[in-house]
Amino acid sequence: MMPDNLQKNPVHLGLGATAVVQPEMTGDMAWYGGYAQRHGDDGREGRLVSMYTFTESWDVWEMHPKGSEMVLCTAGHMTLVQEMPDGSEKRVTIGAGEYAINDPGMWHTADVESEATAVFITAGEGTEHRERT
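Heads up: these notes are all about the structure in this document. (Residues numbered from 1 in each chain as written. Predicted model: local features only at pLDDT ≥ 70, side-chain atom pairs only at ≥ 80, totals over all residues. Heavy atoms only, no water.)

1. Focus on helix H1 (residues 29–39)
For H1, every residue scored as buried is listed here: Trp-31, Gly-34, Tyr-35 and His-39. Considered in projection along H1, the buried side chains sweep an arc of 110° and stay on one side of the axis. Within H1, the exposed residues directed more than 90 degrees away from the buried face are Met-29, Ala-30 and Gln-37. Packed against the buried residues of H1 are strand E1 (11–14), strand E2 (18–21) and strand E3 (47–54). (Buried < 20%, exposed > 50% of the residue type's maximum accessible area, 1.4 Å probe, protein only. Helix = DSSP H or I, 4+ residues; strand = E, 2+ residues; numbered from the N terminus. Arc of directions from axis to C-beta. Contact = heavy atoms within 4.5 Å.)

2. Focus: the layout of surface pockets
Unoccupied space between atoms shows up once a probe the size of one water molecule is rolled over them. Of the pockets and cavities examined, the largest pocket occupies roughly 860 Å³. The wall of the largest pocket is formed by 33 residues, among which Tyr-32, Glu-62, His-64, Thr-127 and His-129 lie closest to the centre. For the lining of the largest pocket, the elements supplying multiple residues, two or more each, are H1, E3, strand E4 (60–63) and strand E9 (116–122). The dominant element in the lining of the largest pocket, judged by the number of residues it contributes, is E3, at six residues. Here the lining of the largest pocket is built from residues that sort into ten nonpolar, 16 polar and seven charged. (1 Å grid on protein atoms, 1.4 Å probe; cavity = no way out; pocket = protein on both sides within 12 Å on 5 of 7 lines; lining within 4 Å. Points joined across faces, edges and corners; volume = space filled by probe spheres on them. Nonpolar A, V, L, I, M, F, W, Y, C, P; charged D, E, K, R; others polar.)

3. Remarks on the pattern of salt bridges
This model, assessed by the stated rule, comprises five salt bridges. With its nearest N and O atoms 2.7 Å apart, the salt bridge here joins Arg-130 to Glu-83. Of this pair, Arg-130 sits in strand E10 (residues 128–131) while Glu-83 sits in strand E5 (residues 69–83), placing them 47 residues apart in sequence. Overall, Glu-83 belongs to the partly exposed group, its relative accessible area being 23%. Note that Asp-111 is salt-bridged to Arg-132, the shortest N-O span being 2.7 Å. Note that Asp-111 is positioned in strand E8 (residues 108–111) and Arg-132 in the segment after E10, a separation of 21 residues in sequence. One network of salt bridges, with partners in common, ties together Glu-89, Arg-91, Asp-111 and Arg-132. (Salt bridge = Lys/Arg side-chain N within 4 Å of Asp/Glu carboxyl O.)

4. Describing the side chain of His-64
Within the fold, His-64 resides in the loop between E4 and E5. A polar side-chain atom of His-64 sits 3.2 Å from a polar atom in the side chain of Glu-62. Among the polar contacts made by the side chain of His-64, one reaches the side chain of Thr-127 at a distance of 2.8 Å. With residues near it in sequence (within four places) discarded, His-64 still touches Glu-69, Pro-104, Gly-105, His-108, Thr-122, Ala-123, Gly-124 and Thr-127. (Polar contact = N/O pair within 3.5 Å; in protein donor to acceptor, adjacent residues only side chain to side chain.)

5. Concerning unusual backbone geometry
Here Ala-17, not a glycine, exhibits a phi torsion of approximately 60°, which is positive. If you trace the backbone, Ala-17 turns up in the loop between E1 and E2. Judged by its relative accessible area of 79%, Ala-17 falls in the exposed class.

6. Topic: the packing of aromatic side chains
Overall, the coordinates contain seven aromatic pairs when judged by the stated rule. Seen from their ring centres, Trp-31 and Tyr-35 are 5.9 Å apart, and the 5° between their planes marks the pair as stacked. With a gap of four residues between them, Trp-31 and Tyr-35 both fall in helix H1, about one helical turn apart. With respect to class, Trp-31 is no different from Tyr-35; both count as buried. One Lys or Arg, Arg-130, reaches over the ring of Trp-61 and ends 5.2 Å from the middle of that ring. (Phe/Tyr/Trp six-rings, centres within 6.5 Å; stacked < 30°, edge-to-face > 60°. Lys NZ or Arg CZ within 6 Å of the ring centre and 35° of its normal.)

What follows is the structure, given as structure tokens:
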């Protein structure tokens, strides 16, 4: 067994308690489309475990309609912004070792002042994005 790097190769947690190392992360929509093809049969029970380092705030909102997402900060600080049903925003700043959960169907984004790294455990089926204005 050789060690793997989560930022380079995310992991799919699937049915039957499986863990499947994914191809190298490119971050583009084609990679996510390939992921959906590889693991779509796991439906809402599948989870993508990934890690990213951010040096700036996100330029999109995203929403996972069929499951929760856990965001675990491992370095730095980031402020998660969640859009409430009434249009108001809830903000929570997390630092190394702290986490927050995005509920199913909750639009969310993040602000990063300098640099932050986070692990995401995502129920990604049906994920939607919209531009952040």
